[in-house]
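Commentary on secondary and tertiary structure
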There are 2 protein chains.
Amino acid sequence: MLISTRNADETRLEGVMSAIRGRIANRTLTPGAKLPSIRSCARAMGVSKSTVVEAYDRLAAEGVIRSRPGAGFFVTAPLAPLALAEIGPALDREVDPLWISRQALASGSRMAMPGCGWLPASWMPEDALRRALRRLSRATPQTLADYGAPLGSLALRALLARRMASHGVEAAPGQIMLTDSGTQAIDLLCRFLLKPGDTVLVDDPCYFNFHALLRAHQVRIVGVPYTPSGPDTERFAEALTQHAPRLYITNSALHNPTSAVLSPSVAHRILMLAEQSGLTIIEDDIFADFEVEPAPRLAAFDGLSRVVYIGSFSKSLSASMRCGFVAAPADWIEGLTDLRIATCFGGPAMAAELVLGLLSDGSYRKHMETVRQRLSRSRETVGARLRNLGIEPWIEPRAGMFLWCRLPDGLDAATLARHALERDVVLAPGNAFSLSGSASGFLRFNVAQCDDERIFSVLEEITRAP
Amino acid sequence: MLISTRNADETRLEGVMSAIRGRIANRTLTPGAKLPSIRSCARAMGVSKSTVVEAYDRLAAEGVIRSRPGAGFFVTAPLAPLALAEIGPALDREVDPLWISRQALASGSRMAMPGCGWLPASWMPEDALRRALRRLSRATPQTLADYGAPLGSLALRALLARRMASHGVEAAPGQIMLTDSGTQAIDLLCRFLLKPGDTVLVDDPCYFNFHALLRAHQVRIVGVPYTPSGPDTERFAEALTQHAPRLYITNSALHNPTSAVLSPSVAHRILMLAEQSGLTIIEDDIFADFEVEPAPRLAAFDGLSRVVYIGSFSKSLSASMRCGFVAAPADWIEGLTDLRIATCFGGPAMAAELVLGLLSDGSYRKHMETVRQRLSRSRETVGARLRNLGIEPWIEPRAGMFLWCRLPDGLDAATLARHALERDVVLAPGNAFSLSGSASGFLRFNVAQCDDERIFSVLEEITRAP
């Protein structure tokens, strides 16, 4: 009797699950759609609420739907299955990588954003931007209205080639393609190089959007622990042997979130290993111009043979304009351009003209000098205040806006971030950057965004709590 | 003896093929890379040249490499395998869809471009664009330097919602996400909705970049013949039954390349069929503002439940600025925004501000009035000159820039396009738009780009040839 009841329960349960799977398959329920409430589903299907609860739970465990606390169950979007599986059980929407990005993008001036990954608008070269726009208002009709060339402005690409040469990276203008952003450049490369199921190495910790981007490509992500002089080379070598990855994505000159700098010997070792195993590397160098002392570039050692080099002006000049670039092996450029045209058609044209103007008239150089000095002072002040609260920078960065900080023992960054958000302070908890979930005791601070006393009150409140 | 020779040949052949496959697999030969010449490969591997020719031919037949006439063999980029299989044997790089786009994007003022899909810069509202840039030069520091909000400017989205309402399409601003282009909007939707191997319906003929975009998503493309009042509904119904497609992508208000307009009864029938089979529809309405008499929109009939609506200002205002949008079912927007952030991070911010300015101050409305009048005159003049040469417009379009024209019997559009290119005239041969390859006797003319006598000399030369 007991057994047959169980079977009947199981049958009802499977009935509910297969009905929902069917509605998803025939797109009655589309990705992102909210599922009916437990109560109304139970009523509609003539089963008990507990059966529906169990069915939803099982479907969530399979990754078909997902639960958002307080909001209900939703059909999983293409990004989410891997998100659930790979970011680990400790994270919910409040501290997942995309959520931090969206909070930072959405926040008005009301919020303090020490967790945000860019400079405040007040740090940007306002007068120079205004001048560049007035100059653009006198450009040719073609510049104002036409699509850009397939690779983008030749004048800007030639200038970028000269600037890259100053970091030791040799690229002909014909090896450079302009994109709307550094992220878009990486996305195009992933589309060009990867298949679903391929494996990609990232640093642990790394820029959290790499996780989101790679999940969108449905690849396996493997993390390699990051040390103050670059990835742990032994673990890197192990990962190559164990996982045969196609690709490694990193920031080398100035690492996000740690602000660490690759040492020449680690750079050399990584390239040797990459050579032996046929690995391609994407070197995302969007913080290049924040650098104070020159650091090694993988692309400089390698000569753009298996290293692809990415840059952008969103972090240093304006995120409103949208202009990035990729420098790649010469024989990839035609394929990458075809892909850009197929998926986005034109590249940045007006934005490229603005960047070209700002780079040519000297205002960018002067602006970045000021930024570097200001950041150096802020790193010192903010670092001191954090240390005072027992929040310890992992390293003493030589440049950049980020302090990667360890919390006092026993404090959990995610809990802290949720608490801070109630006080209108957006923090960046460590595990958003860590594939292994081993950074629950870390926060990333942007020293340029710490000019708000609410940040330190919240931190004090939490760190000093009994 | 004969048999064992054959076997030895076969062994050598397989040796060459597997060596090349191996070099591609370990990325010694990367996508887009040129293969060694027949001669040097034969020498290096100690086999005859005919063995290498046979190996390359077989690898090309498998889609692993591809031949570019006169240039050699290249490792296939992700886009190419389907390109080879689906565009059909008659097309080569000279007339394939991406090549036409690139020619048009790359051409300087030296070329005449009747095959190009947009207006000349001289037709764009130059003074208004200059004014908008000067106004932007006085904007807030946030507008100049910050990322836009996750969905993009609320003011612009509210304005777009009002404009869509005038076409009968009801969308709340929260259902609209700004993108860098109409193409990017479609690409994001494809990423959101499709898996490799899914089937997608397109019109035959349709905008050629739909083919390139869908190939990048590795989906099966099925064409439905297009009639002067929309897709052939019987064939559409058959395609639904036979292929169970996930998605149908179309321009409804003003169809590219035919300039045909959907009739209300066809629109209704298509939506009924879509409803029955759970089909999602992307309605790409980037030519909306070229319309003279209001045509039905699928999104208006459907209320954005299974129809997603796309727009852009690249064709009507400036292709240099980069601003498009998507209006989607409300519960898709969060997932789409996550995907945009993961793959491109910021959306258009400065460009959105420029579009908002031009739409608000009345200059866009006046500009489009002028454009519509000018196009009406040009369609008449160019149509008359083409008819004079025996080149017959398929229909008499009510609006838009395109004349879809049938060549005199026996003339092949691809041959003609190659010939014209030698005279610096870029034509758009019919089969670039036709999945079935049934439009070899058609050319698409952009009447706004026909103000160059070289076009008619070339056409006369060819059509009047004995």
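For chain A, the name recorded in an unreviewed UniProt entry is PLP-dependent aminotransferase family protein, with Nitratireductor rhodophyticola as its organism. Word for word, the UniProt comment on chain A under Sequence similarities (unreviewed entry) is "In the C-terminal section; belongs to the class-I pyridoxal-phosphate-dependent aminotransferase family."

With that settled, the discussion passes to the overall build of chain A. Within chain A, the regular secondary structure consists of 18 helices and 14 strands. In terms of overall size, chain A behaves like a compact globule, its C-alpha atoms giving a radius of gyration of 24 Å where 466 residues would be expected to give roughly 23 Å. Projected onto the principal axes, the alpha-carbon positions of chain A cover approximately 85 × 55 × 50 Å. Here chain A holds 466 residues, and 62% of them are scored as buried. Considering only residue pairs separated by 6 or more positions, chain A has 73% of its internal contacts joining residues 24 or more positions apart. Total accessible area on chain A is roughly 17200 Å²; 51% of this is exposed by carbon and sulfur atoms. Considering chain A, the positive charge centre built from 50 side chains and the negative charge centre built from 48 side chains are found 5 Å apart.

What follows deals with the nonpolar core. The biggest cluster of nonpolar side chains holds 190 residues, and the ones touching the most others in it are A:Phe445, A:Leu459, B:Phe445 and B:Leu459. Setting aside chain neighbours within four positions, we find A:Leu459 in contact with A:Leu386, A:Leu389, A:Ile391, A:Leu416, A:Leu443 and A:Phe445.

The next point concerns the relation of the copies chain A and chain B. The pair of chain copies shares a relation made of a rotation about an axis and a shift along it. Once chain A is rotated about the relating axis by 180 degrees and shifted along it by 0.1 Å, it coincides with chain B to within an RMSD of 0.1 Å. Viewed as a symmetry operation, the transformation between the two copies matches a two-fold axis. Both copies present the same face, since 99% of the interface residues in chain A are matched by interface residues at the equivalent positions in chain B.

We now examine the packing of aromatic side chains. Enumeration over the complete set of coordinates arrives at 30 aromatic pairs over all chains. For the ring pair B:Phe313 and B:Phe325, a centre distance of 6.4 Å and an interplane angle of 40 degrees mean the geometry is tilted. Of this pair, B:Phe313 sits in the loop between strand E9 (307-312) and strand E10 (324-327) while B:Phe325 sits in strand E10, placing them 12 residues apart in sequence. When its relative accessible area of 6% is taken as the criterion, B:Phe325 is described as buried. Relative accessible area serves as the criterion here: at 3%, B:Phe313 is assigned to the buried category. Here the aromatic residues A:Tyr207, A:Phe208, A:Phe210, A:Trp404, A:Phe433 and A:Phe442 are joined through ring pairs into a cluster of three or more. The ring of A:Phe456 carries the charged tip of A:Arg385 above its face, separated from the ring centre by 3.9 Å.

This part covers the interface of chain A and chain B. Taken together, the contacts link 84 residues of chain A with 83 residues of chain B. Our count for the chain A to chain B interface comes out at two salt bridges. Of the charged contacts in the structure, one is a salt bridge between A:Arg191 and B:Asp187, with a shortest N-O distance of 2.7 Å. Inspection of the region where chain A meets chain B yields 30 residue pairs in polar contact (both at pLDDT 80 or more). Residue assignment for the side of chain A that touches chain B shows that the elements contributing at least two residues are strand E1 (65-68), helix H5 (97-106), helix H6 (126-136), helix H7 (141-145), helix H9 (182-193), helix H10 (208-216), helix H14 (333-344) and helix H15 (350-360) of chain A. For the side of chain A that touches chain B, the element with the most residues is H14(A), which contributes nine residues.

Time to look at the packing of helix H9 (residues 182-193) of chain B against helix H14 (residues 333-344) of chain B. Residues and elements named next belong to chain B. Viewed as axis vectors pointing N to C, H9 and H14 meet at an angle of 110 degrees, and their least axial separation amounts to 10 Å. Put simply, H9 runs roughly perpendicular to H14. Contacts between H9 and H14 involve Gln-184, Leu-188, Leu-189, Arg-191 and Phe-192 from the first element and Gly-335, Leu-336, Leu-339, Arg-340, Thr-343 and Cys-344 from the second. Split by residue class, the contact of H9 with H14 holds six nonpolar, three polar and two charged.

Let us look at a positive patch on the surface. A contiguous patch of positive charge, built from A:Arg131, A:Arg134, A:Arg138 and A:Lys366, is present on the exposed surface. Here A:Arg134 lies in helix H6.

The next subject is the pattern of salt bridges. Throughout the structure, instances matching the rule amount to 41 salt bridges over all chains. We note a salt bridge from A:Glu396 to A:Arg387, for which the minimum N-O separation is 3.3 Å. Here B:Asp452 ties to B:Arg454 by a salt bridge, and the two come within 2.9 Å at their closest N and O atoms. Via salt bridges that share partners, A:Glu10, A:Glu54 and A:Arg58 belong to a single interconnected network.

Cis geometry marks the peptide bond from B:Asp204 to B:Pro205, where omega comes out at 5 degrees. With respect to the secondary-structure elements, B:Pro205 resides in the loop between strand E4 (199-204) and helix H10 (208-216). Residue B:Pro257 is bonded to the preceding B:Asn256 through a cis peptide linkage, with omega at 15 degrees. Mapped onto the elements, B:Pro257 comes out in the loop between strand E7 (247-250) and helix H12 (264-277). Despite not being glycine, A:Ser259 has its phi angle at roughly 65 degrees, a positive value. Relative to the assigned elements, A:Ser259 resides in the loop between strand E7 (247-250) and helix H12 (264-277). Backbone geometry at B:Gln218 places phi at a positive 55 degrees, although glycine is not the residue there.

Right, let's get into the side chain of B:Thr179. Residues and elements named next belong to chain B. Locating Thr-179 in the fold gives a position in strand E3 (residues 176-179). In this structure the side chain of Thr-179 is engaged in a polar contact, spanning 2.8 Å, whose partner is the backbone oxygen of Ser-181. Not counting residues up to four positions away in its chain, the partners in contact with Thr-179 are Gln-184, Ala-185, Leu-188, Arg-322, Cys-323, Gly-324, Phe-325, Val-326 and Pro-348.

On to the sheet that holds E9(B), then. Residues and elements named next belong to chain B. Reading across the sheet, the eight strands line up as E3-E10-E9-E8-E7-E4-E5-E6 and stay open at both edges, with mixed pairing between neighbours. Two strands bound the open sheet, and with one partner strand each, they are E3 and strand E6 (230-231). Where E7 lies against strand E8 (residues 280-284), four bridges are found, and the strand directions are parallel. Following the sheet pairing, Leu-247 is matched in E8 by Thr-280. Docked against the sheet, helix H8 (residues 154-165) engages E3, E9 and E10, running at close to 115 degrees with respect to E3. Sheet strands in contact with H9 are E3, E7, E8, E9 and E10, and its direction is about 155 degrees off that of E9.

Turning our attention to the domain arrangement of chain A. Domain boundaries in chain A define domain 1 (2-77), domain 2 (94-122 + 365-463) and domain 3 (126-362). Computed from C-alpha coordinates alone, the two centres of domain 1 of chain A and domain 3 of chain A are separated by 43 Å.

Right, let's talk about the sheet that holds strand E12 (residues 402-406) of chain B for a bit. Residue and element names in this part refer to chain B. In spatial order, the strands read E11-E12-E14-E13; together these four strands make up an open sheet with antiparallel pairing. Of all the strands in the sheet, just strand E11 (392-393) and strand E13 (428-429) have a single pairing partner and so form its edges. With two bridges connecting them, E13 and strand E14 (residues 442-446) associate as antiparallel partners. Bridging across to E14, Pro-429 finds its partner in Leu-443. Contacts between helix H16 (residues 363-388) and the sheet are confined to E11, E12 and E14, with E12 contributing the most and set at about 15 degrees to the helix.

The next subject is the packing of helix H11 (residues 233-243) of chain A against H12(A). All names here are of chain A. Between H11 and H12, whose axes approach to 10 Å, the crossing angle comes to 10 degrees. Here H11 lies roughly parallel to H12, going by the angle between them. For the pair H11 and H12, contact is made by Thr-233, Phe-236, Ala-237 and Leu-240 and by Val-266, Arg-269, Ile-270, Leu-273, Ala-274 and Ser-277, respectively. By residue class, the composition of the contact of H11 with H12 is seven nonpolar, two polar and one charged.

Conventions adopted
- Residues numbered from 1 in each chain as written.
- Chains lettered and ligands numbered in written order.
- Predicted model: local features only at pLDDT ≥ 70, side-chain atom pairs only at ≥ 80, totals over all residues.
- Heavy atoms only, no water.
- UniProt positions renumbered as here; feature names shortened; annotations may be inferred.
- Helix = DSSP H or I, 4+ residues; strand = E, 2+ residues; numbered from the N terminus.
- Rg over C-alpha atoms; globule rule 2.2 N^0.38 Å.
- Buried < 20%, exposed > 50% of the residue type's maximum accessible area, 1.4 Å probe, protein only.
- Contact = heavy atoms within 4.5 Å.
- Areas by Shrake-Rupley, 256 points an atom, 1.4 Å probe, with all protein chains shown as cover.
- Lys, Arg positive; Asp, Glu negative; His and termini not counted.
- Charge placed at Lys NZ, Arg CZ, Asp CG, Glu CD.
- Core = buried A, V, L, I, M, F, W, Y, C linked by side-chain atoms within 4.5 Å.
- Least-squares fit on C-alpha atoms with pLDDT ≥ 70 in both.
- Phe/Tyr/Trp six-rings, centres within 6.5 Å; stacked < 30°, edge-to-face > 60°.
- Lys NZ or Arg CZ within 6 Å of the ring centre and 35° of its normal.
- Salt bridge = Lys/Arg side-chain N within 4 Å of Asp/Glu carboxyl O.
- Polar contact = N/O pair within 3.5 Å; in protein donor to acceptor, adjacent residues only side chain to side chain.
- Axes fitted to C-alpha atoms, helices over the stretch in contact; angles between N-to-C directions.
- Parallel < 35°, antiparallel > 145°, perpendicular 65-115°, else oblique.
- Nonpolar A, V, L, I, M, F, W, Y, C, P; charged D, E, K, R; others polar.
- Patch = residues over 30% accessible without salt bridge, like charges linked within 9 Å, V, L, I, M, F, W, Y side chains within 5 Å.
- Pairing = 2+ DSSP bridges.
- Domains from an automatic or database assignment.

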